[in-house]
Structures are given as C-alpha cells and as structure tokens.
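Below are the chains, spelled out letter by letter.
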Amino acid sequence: MCDNIRDLFKNRFGLVIQEDAPYHIALTHSSYMNEKKMEELEDNERIEYLGDAVLELLVSTYLYKHYPQLPEGDLSRMRALIVCEDSFSLRCKECGFDQFIRLGHGEEANGGRKRPSLLCDLFEAVVGALYLDLGLDAVEEFLKQTVYPKIESGEFKDHRDNKTALQEELQKNGQIHLSYEIVKETGPSHQKNFDVEVSLNGQVIGHGSGSSKKMAEQAAAKEALDKVEKQK
C-alpha cells in the first residue's frame with residue numbers, strides 16, 4: 001500500500017516520502033479497523049483533522065497573497081468553495097488516493113470508495129500525513145500541483161455558497177437570525193444521511209439533505225434561496 005503511494009508522490013509530484021507510518025494511518029478507514037478488530041491500528045480521523053487545518057491555512061494564505069483587491073468577505077466565500085467536500089473529493093480522485101484506502105468489506109460493498117464525504121476526508125488525511133512527514137513546504141508544493149491551478153483556472157468563480165448568499169439576500173431587509181438544525185439522521189455510521197431545516201427568526205424556510213451536515217445545510221439554504229428569489 002505505502003509502496004504504491006510512495007511511487008505516486010515521487011513520480012507525479014516529485015516528493016519523496018520518508019516515513020511510512022503517517023500514510024498507513026491516512027489510508028486506514030474506521031470501517032477497516034473495526035472489522036479487523038486490531039486495537040493497534042489507528043484510523044484516519046485524527047490525521048484528517050490535522051490535514052484540514054493545514055489546508056485551510058495554506059489556501060487562506062494563497063488567497064490573501066493572490067487576491068489583494070478582495071475584501072475579507074469575498075476571500076472567505078472563495079475559501080469556503082475550495083476547502084469543502086465537493087472540491088476535495090474531486091481532488092482525491094484526481095490524485096488517485098481512492099485506489100489505496102483500506103475499507104471494511106461493508107463499506108466497500110456500499111460504495112464507500114466513491115462516497116464524496118469519505119474521499120474528502122481521505123484527501124485531508126493524506127495532506128495531514130504529508131505535513132507530518134515532510135513539513136509545510138512539501139504540502140505547499142503538493143497544492144501548487146493540485147489545488148492552486150484549479151483556483152487560477154477560475155473553477156470556483158461560478159459556484160455559489162448558498163448559505164452566504166441566503167444570509168446576504170435576507171439581510172437586505174434588516175437584521176435577521178438564520179439557524180440550521182439537523183432534524184433527522186439515517187443510515188449506518190459509515191453511510192449517514194442528514195436532513196436539515198433552516199429557519200429565519202424561528203420560522204422554517206427551507207429543507208435539505210445530504211451525506212454530510214455541510215451538504216445538507218447547503219441544500220436547505222438553496223431551497224430557501226430559491227423561494228426568496230421567486231418572491232421578488
């Protein structure tokens with residue numbers, strides 16, 4: 001497993017892996033660990049948390065330096081489109097990391113290798129491993145070849161953060177309070193689906209569902225935004 005990802009990083013990104021251990025962790029899903037019942041194994045949830053923080057820092061720095069004309073709000077909106085499930089799940093497949101993750105048989109049978117939330121977590125976990133192994137400069141070099149070109153090509157300019165758009169649209173009429181609440185969770189722990197309601201000043205104005213809380217909130221915001229725009 002690690003020989004394969006070692007070859008991938010060297011041949012595709014020009015990065016030479018030094019320590020295998022972080023990548024073993026990054027490529028181990030909780031379903032595999034639970035199925036094997038091997039207590040000495042560690043799944044990739046903690047290292048994914050680290051990778052998420054590293055990605056947010058470096059993407060934020062990139063946007064700050066390359067878009068000096070943009071105010072804080074616009075920078076935050078652009079970052080939200082880049083550092084998200086849809087974006088990182090695509091990057092994960094483009095890099096080929098999905099080929100190497102170790103899944104339990106149930107997760108594999110249920111299509112986990114193609115599930116966007118799992119792929120996003122995997123991408124963040126591998127970045128966390130890269131950071132622990134080779135440091136921040138290596139992650140920066142990796143992003144120069146994978147994420148930054150997508151920003152430069154304008155991939156994120158035509159997308160909309162529905163939550164932000166809804167907030168801005170409703171605020172035109174004065175101060176408002178928007179809240180998002182998970183009203184239902186279905187499915188096994190490795191394949192959850194979330195139902196979310198968005199409320200304006202305590203009144204429900206939209207519903208949405210998705211395989212992650214973020215996706216469900218965006219779907220709820222989109223439904224509410226569509227209603228608002230139809231009423232204009």
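Residues numbered from 1 in each chain as written. Predicted model: local features only at pLDDT ≥ 70, side-chain atom pairs only at ≥ 80, totals over all residues. Heavy atoms only, no water.

- Taking an unreviewed UniProt entry as the reference, the chain is identified by name as Ribonuclease 3 belonging to Aerococcus christensenii.
- Quoted verbatim from the Sequence similarities (unreviewed entry) heading of the UniProt record, the comment on the chain is "Belongs to the ribonuclease III family."
- You can read under Catalytic activity (unreviewed entry) in the UniProt record for the chain the words "Endonucleolytic cleavage to 5'-phosphomonoester." (UniProt positions renumbered as here; feature names shortened; annotations may be inferred.)

Comments concerning the overall build of the chain
Argument step 1. Within the chain, the secondary structure is distributed over twelve helices and three strands.
Argument step 2. Looking at the chain residue by residue over its 232 residues, the buried ones come to 44%.
Argument step 3. Pairs at least 24 apart in sequence give 56% of the contacts found in the chain among residues at least 6 apart.
Argument step 4. For the chain, the exposed surface amounts to about 12,600 Å²; the carbon and sulfur share of it is 47%.
Argument step 5. Looking at the chain, you have 29 positive and 41 negative side-chain charges, and the mean spots of the two groups are 4 Å apart. (Helix = DSSP H or I, 4+ residues; strand = E, 2+ residues; numbered from the N terminus. Buried < 20%, exposed > 50% of the residue type's maximum accessible area, 1.4 Å probe, protein only. Contact = heavy atoms within 4.5 Å. Areas by Shrake-Rupley, 256 points an atom, 1.4 Å probe, with all protein chains shown as cover. Lys, Arg positive; Asp, Glu negative; His and termini not counted. Charge placed at Lys NZ, Arg CZ, Asp CG, Glu CD.)

Section: the pairing of strand E3 (residues 203–210)
Argument step 1. Both strand E2 (residues 193–200) and E3 contribute to a ladder of seven bridges, which runs antiparallel. Considered in E3, the bridge of Val198 is made with Gly206.
Argument step 2. The antiparallel hairpin formed by E2 and E3 contains two residues in its connecting segment, where Asn201 sits at a positive phi of about 50 degrees. (Pairing = 2+ DSSP bridges.)

Details of the pattern of salt bridges
Argument step 1. One pass over the full model with this rule turns up 13 salt bridges.
Argument step 2. The closest approach of N and O atoms between Arg91 and Glu94, which form a salt bridge, is 2.9 Å. On the criterion of helical spacing, the pair formed by Arg91 and Glu94 is a turn pair, its members being three residues apart in helix H6 (residues 85–95).
Argument step 3. Here the salt bridges do not stand alone but share partners, grouping Arg91, Glu94, Lys150 and Glu155 into one network. (Salt bridge = Lys/Arg side-chain N within 4 Å of Asp/Glu carboxyl O.)

A look at the nonpolar core
Argument step 1. Ranked by internal contacts, the top residues of the largest apolar core, which has 47 residues, are Ile5, Phe9, Leu63, Phe97, Phe123, Phe142 and Ile151.
Argument step 2. Secondary-structure elements contributing two or more residues to this core are helix H1 (2–13), helix H2 (21–26), helix H4 (45–66), helix H5 (72–82), H6, helix H8 (116–134), helix H9 (136–146) and helix H10 (148–152).
Argument step 3. In terms of residue count, H8 provides more of this core than any other element does, ten residues in total.
Argument step 4. Contact partners of Phe123, with chain neighbours within four places excluded, come to Leu55, Phe88, Arg91, Cys92, Cys95, Phe97, Phe142 and Val147.
Argument step 5. The next biggest cluster of nonpolar side chains, apart from the first, holds 15 residues, and it includes Leu170, Ile176, Ile205 and Leu225. (Core = buried A, V, L, I, M, F, W, Y, C linked by side-chain atoms within 4.5 Å.)

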